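Examination of the molecular architecture
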Amino acid sequence: ESLLPRIGELLREALTLQAAYREAAGAFSAITSRIVTMGGVSLDRRRAAEARITRDHSASQLKQIIESIQESGCLVKDLETGLVDFPTLYRGQEVYLCWKLGEPEIGYWHGTDEGFAGRKPIDEAFLREHRGDGAQ
């Protein structure tokens, strides 16, 4: 469970980067649209370059964070909500332990084909028959 604080920290950083990316991409798009619409209007090259650099840097950092989370064995299911799954075995079948940013611990699981809507609480029966790393 010591993995959760680190995953939470990475997800919060990813959300901040995602917001920065969207803002910079919007600014860059507005600049290019204005050029196209106005037909060769004078361009604030510094502003355009800063927006492009911020957009590209944010995208690169965001990709690295997602890869870092996935290298730890977790699957980022929904960045917007901070939803992460952890593959594990239950009754000989692969299932996912399911955690959402803000939850104090991993308290749910679901089948690989069920998704968030199919979350079930981790109960005593699950704990008894769980056979994977990271058992709660």
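It should be noted that the structure appears before, not after, this text.
To keep things clear, this report deals only with the structure shown in the data block. (Residues numbered from 1 in each chain as written. Predicted model: local features only at pLDDT ≥ 70, side-chain atom pairs only at ≥ 80, totals over all residues. Heavy atoms only, no water.)

1. Some thoughts on the nonpolar core
Spelled out, the test is: In plain words, nonpolar cores are sets of buried Ala, Val, Leu, Ile, Met, Phe, Trp, Tyr and Cys residues tied together by side-chain atoms within 4.5 Å. Using a 1.4 Å probe on the protein chains alone, a residue whose accessible area is under 20% of its type maximum counts as buried, one over 50% counts as exposed, and one in between counts as partly exposed. Working definition: helices are DSSP H or I runs of at least four residues, strands are E runs of at least two. Numbering for both runs from the N terminus. Every residue pair with non-hydrogen atoms within 4.5 Å of one another is taken to be in contact.
Ranked by size, the top nonpolar core spans 23 residues in total, and within it Ile69, Phe86 and Trp99 carry the most contacts. Within the residue set of this core, elements represented by two or more residues are helix H1 (3-38), helix H2 (45-71), strand S2 (83-90) and strand S3 (93-100). Looking at this core element by element, the count peaks at six residues for H1. With near-sequence residues (within four places) excluded, isoleucine 69 lies in contact with Ile7, Leu10, Leu11, Cys74 and Val76.

2. A word on the side chain of serine 58
In this structure, serine 58 sits in helix H2. Residue class for serine 58 comes out buried when judged on its relative accessible area of 3%. Excluding residues within four positions of it along the chain, serine 58 makes contact with Leu17, Ala20 and Tyr21.

3. Looking at the environment of leucine 3
Within the secondary structure, leucine 3 sits in helix H1. What makes leucine 3 partly exposed here is its relative accessible area of 32%. Note: C-alpha distance between leucine 3 and leucine 127 (124 residues apart in sequence) is 19 Å. Among all residues touching leucine 3, those that are not within four sequence positions of it are Ser72, Cys74 and Phe86.

4. Here's the deal with the packing of H1 against H2
Formally: Axes here refer to lines fitted to C-alpha atoms; in helices the fit is confined to the stretch in contact. Angles between the N-to-C directions go from 0 to 180 degrees. Here is the rule for angles: anything less than 35 degrees is roughly parallel, anything more than 145 is roughly antiparallel, 65 through 115 is roughly perpendicular, and the remaining ranges are oblique. Handedness of a crossing follows from how the near helix is turned relative to the far one, being left-handed for an anticlockwise turn of less than a right angle and right-handed for a clockwise one. Just so you know the grouping, Ala, Val, Leu, Ile, Met, Phe, Trp, Tyr, Cys and Pro go in nonpolar, Asp, Glu, Lys and Arg go in charged, and all remaining residues, Gly too, go in polar.
Interhelical geometry of H1 versus H2 gives an angle of 155 degrees and a closest axis separation of 8 Å. Taken together, the axis directions place H1 and H2 in an arrangement best described as roughly antiparallel. Between H1 and H2 the crossing geometry is left-handed. Considering only residue class, the contact of H1 with H2 consists of 18 nonpolar, five polar and four charged.

5. Points about the packing of aromatic side chains
Applied cut-off: Pairing of aromatic rings covers Phe, Tyr and the six-membered ring of Trp, with a centre-to-centre limit of 6.5 Å; geometry is then stacked below 30 degrees between planes, edge-to-face above 60, and tilted otherwise.
Inspection of the entire model under this criterion finds three aromatic pairs. Among the aromatic residues, those joined into a cluster by ring pairs are Tyr90, Trp109 and Phe126.

6. Quick look at the pairing of S2
We count it as follows: When DSSP finds at least two bridges between two strands, those strands are taken to pair.
For S2, the tally of buried residues reaches six of eight residues, placing the bulk of the element in the interior. Summarising the sheet, strand S1 (residues 75-78) and S2 pair through three bridges and their orientation is antiparallel. By the bridge assignment, aspartate 78 is partnered in S2 with leucine 83. Counting the residues in the hairpin turn of S1 and S2 gives four residues, including glycine 82, whose phi is positive at 70 degrees. Where S2 and S3 come together, eight bridges link them in antiparallel fashion. Its bridge partner lying in S3, phenylalanine 86 is registered against leucine 97.

7. Remarks on H2
Convention followed: Working rule for helices: expected span equals 1.5 Å times residues minus one.
Its 27 residues place the ends of H2 39 Å apart at the C-alpha level, agreeing with the 39 Å of an ideal helix rising 1.5 Å per residue. All of the buried residues in H2 are Ala48, Ala51, Ser58, Leu62, Ile65, Ile66 and Ile69. Of the surrounding secondary structure, the elements contacted by the buried residues of H2 are H1 and S1.

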